[in-house]
Amino acid sequence: MALAFNNSISISYFLLPALLLLPFLIFLLPYNETYLTTPILNSFKLAEATATTPSPPHQLPLHGFASMYESSKVKATTVPKKKIRSSLEKIEEGLAKARAAIAEAIRSRNCTSSENNNDTFIPRGSVYLNPLAFHQSHIEMVKRFKVWTYKEGERPLAHEGPLNGVYSIEGHFISEIESDKSPFKAQVPGEACVFFLPLSVTSIGQYIYLPIRTMADYSRDRLRRVVTDYTGVIANKYPYWNRSKGADHFMVSCHDWAPDASLANPEIFKNFIRILCNANISEGFKLKRDIPIPEIFTTLEGLNPTNYGQGPKNRTILAFFEGRAHGFIREMLFKHWKNKDSEVVVRENFPEGLGYRKSMGRSKYCLCPSGYEVASPRVVDAIYQGCVPSILKGISNEKYLMMYRRVKQVERHFVLNRPAKPFDVTYMLLHSLWLRRLNFKA
């Protein structure tokens, strides 16, 4: 006991000078108010750090120097702390700046310069509701818009889709937005403005439904379960779906069954954005929420067909249609016009080969009646060939020429490029999505 007591005295004896010198060492160190007041944050747990109040500095027993230390501490803690903004706050701030820039472009009738010096196209003309607003909005989209693609899901049901045929825009969009070269790809979920569910309805139909043996095999229940289960996984794993109730989440599909994919639970999917070729209001397409996209028929030989369009003076056919009798509208068309008129050429054949597109290239108007569904690649085929996708007999040649020029003017917005280019069909799809995101606050 005595030995222990003596040892404790000797230890205290040696520690006392060090304790007395400690306040002087503190004041001799370089003074940094930020260092005294700012907690060190773990970059991987930023949200947790901002939600937790840092504990006060450990107070040493400074004895006679206590008053000096207290006055220093008061001075340090009076420095205002810089607020750490969340990733969502940063996104909303950027969107607010974009809205202000668009409004200013409309007010001043002038757009800010694009950061892309190679972009020489400027929207002009009456085909645009407001060319200045559209141009400035496109500039802001390229500058700020980011898309996060969920990694969940296995191929071939997710992360890939058809790259040729009438549903090919579905596969090309998935491939484009997941490419590391895409300027819209978010590197982390926190910087994303919207969230993409990379499911392919076409692939689900091919790998889960085929072969179809009975009418019962056409039931959409399996499709709905896949989409609902996938949504449940990402909603339980991440905070983003529940944060906005799905209003900043979307999927893309060109398959005829796509409108049925989200009908299993209308309450869950009431805010969910669907980008669809089959934009049929009678099947639940919502104009204020969903986005239509065109069907584009692509082949393994190329993304866009050869242009056989003639000049207006060399278009000898007034109106043209070639296709099968899908749906009652086409049945009525064949009944009244099939092989009955020299000006209106209507043929009941499968549209393929050079004859189909060359006939479009020699026609003033191209008929694009819906089949079993409203979507048809004929609209885009007609635009590619400079054929007005409607029919108006008896109008003046001046009126027709104006319509022809407008078709040629919007052609660039229906072109599919890989990689995507400003103002092409992929950018236009993203711009429609960008406008949806601009119009609500998460």
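Predicted model, so just to flag it, every value in this text is computed and none were measured.

Student: So what exactly am I meant to see when it comes to the pattern of salt bridges here?
Tutor: Overall, the coordinates contain 18 salt bridges when judged by the stated rule. Notably, a salt bridge pairs arginine 107 with glutamate 104, separated by 2.6 Å at the nearest N-O pair. Residue arginine 107 and its partner glutamate 104 are located together in helix H5 (residues 87-108), separated by 3 residues, close to a single helical turn. For glutamate 104, a relative accessible area of 35% puts it in the partly exposed group.

Student: Help me understand the state of the cysteines in this model?
Tutor: Among covalent bonds in proteins, the disulfide is the one between the sulfur atoms of two cysteines. One pass over the full model with this rule turns up 2 disulfides. For cysteine 254, the disulfide goes to cysteine 277, at an S-S distance of 1.8 Å. With the S-S bond torsion at -85 degrees, the cross-link from cysteine 254 to cysteine 277 turns out left-handed. With cysteine 254 in the loop between strand E3 (249-253) and strand E4 (273-276) and cysteine 277 in the loop between E4 and strand E5 (291-292), this pair connects stretches of sequence that are 23 residues apart. What makes cysteine 277 buried here is its relative accessible area of 5%. Put simply, cysteine 366 and cysteine 387 are joined by a disulfide, and their sulfur atoms are 2.2 Å apart. In this structure the cystine formed by cysteine 366 and cysteine 387 twists about its S-S bond by roughly 110 degrees; its chirality is therefore right-handed. A residue pair is termed long-range when its members are at least 10 positions apart, and cysteine 366 in strand E8 (residues 363-366) and cysteine 387 in the loop between helix H13 (378-384) and helix H14 (397-410) qualify at 21 residues. Described in terms of the sequence order of its bonded cysteines, the disulfide pattern of the protein is 1-2, 3-4.

Student: Got a minute to help me understand the pairing of E3 in this structure?
Tutor: Along a regular strand, successive side chains alternate from one face of the sheet to the other. For E3, a buried count of 5 out of 5 residues is recorded, marking the element as mostly surrounded by other parts of the structure. The pairing of strand E2 (residues 194-196) with E3 spans 2 bridges and is parallel. The partner of phenylalanine 195 across the bridge, within E3, is histidine 249. The pairing of E3 with E4 spans 4 bridges and is parallel. Looking at the pairing, methionine 251 lines up with arginine 274 of E4.

Student: Where do I start with the packing of H5 against helix H15 (residues 425-438) in this structure?
Tutor: A pair of packed helices is captured by two measures, namely the crossing angle of their axes and the spacing between those axes. Contact pair H5 / H15: the axes reach a minimum separation of 10 Å and the direction vectors enclose 105 degrees. Classified by the angle between their axes, H5 and H15 sit roughly perpendicular to one another. On H15, the residues that touch Leu88, Ile91, Glu92, Leu95, Ala98, Arg99 and Ile102 of H5 are Trp434, Arg437 and Leu438. Taken together, the residues that form the contact of H5 with H15 break down as 7 nonpolar, no polar and 3 charged.

Student: Help me out: how do you make sense of H5 in this one?
Tutor: The periodicity of an α-helix, 3.6 residues per turn, causes residues three or four positions apart to be oriented the same way. Compared with an ideal rise of 1.5 Å per residue, which puts 22 residues at 32 Å, H5 spans 31 Å between its outermost C-alpha atoms and is within 8% of the ideal. Within H5 the residues assigned to the buried category are Leu88, Ile91, Glu92, Gly94, Leu95, Ala98, Ala101, Ile102 and Ala105. If you follow the buried residues of H5, they end up packed against helix H6 (131-144), helix H10 (240-244) and H15. Trailing H5 by a residue or two, arginine 109 shows a phi angle of about 55 degrees, which is positive.

Student: Any chance you could explain the side chain of threonine 149 here in plain terms?
Tutor: Mapped onto the fold, threonine 149 is located in strand E1 (residues 147-149). Taking the relative accessible area as the measure of exposure, threonine 149 reaches 5% and is therefore buried. Not counting the four nearest positions on each side in its chain, threonine 149 is found in contact with His159, Ile177, Glu178, Phe196 and Pro198.

Student: Sorry if this is basic, but what is going on with the sheet that holds E2 here?
Tutor: Strands in a sheet are paired, the pairing made by backbone hydrogen bonds, and the direction either parallel or antiparallel. On the basis of which strands lie adjacent, the open sheet formed by 5 strands has the order E1-E2-E3-E4-E5 and parallel pairing. At either margin of the open sheet sits one strand with a lone partner, and together these are E1 and E5. Summarising the sheet, E1 and E2 pair through 3 bridges and their orientation is parallel. Bridge pairing in E2 links threonine 149 to phenylalanine 196.

Conventions used here
- Residues numbered from 1 in each chain as written.
- Predicted model: local features only at pLDDT ≥ 70, side-chain atom pairs only at ≥ 80, totals over all residues.
- Heavy atoms only, no water.
- Salt bridge = Lys/Arg side-chain N within 4 Å of Asp/Glu carboxyl O.
- Helix = DSSP H or I, 4+ residues; strand = E, 2+ residues; numbered from the N terminus.
- Buried < 20%, exposed > 50% of the residue type's maximum accessible area, 1.4 Å probe, protein only.
- Disulfide = S-S within 2.5 Å.
- Pairing = 2+ DSSP bridges.
- Axes fitted to C-alpha atoms, helices over the stretch in contact; angles between N-to-C directions.
- Parallel < 35°, antiparallel > 145°, perpendicular 65-115°, else oblique.
- Contact = heavy atoms within 4.5 Å.
- Nonpolar A, V, L, I, M, F, W, Y, C, P; charged D, E, K, R; others polar.
- Expected span 1.5 Å × (residues − 1).

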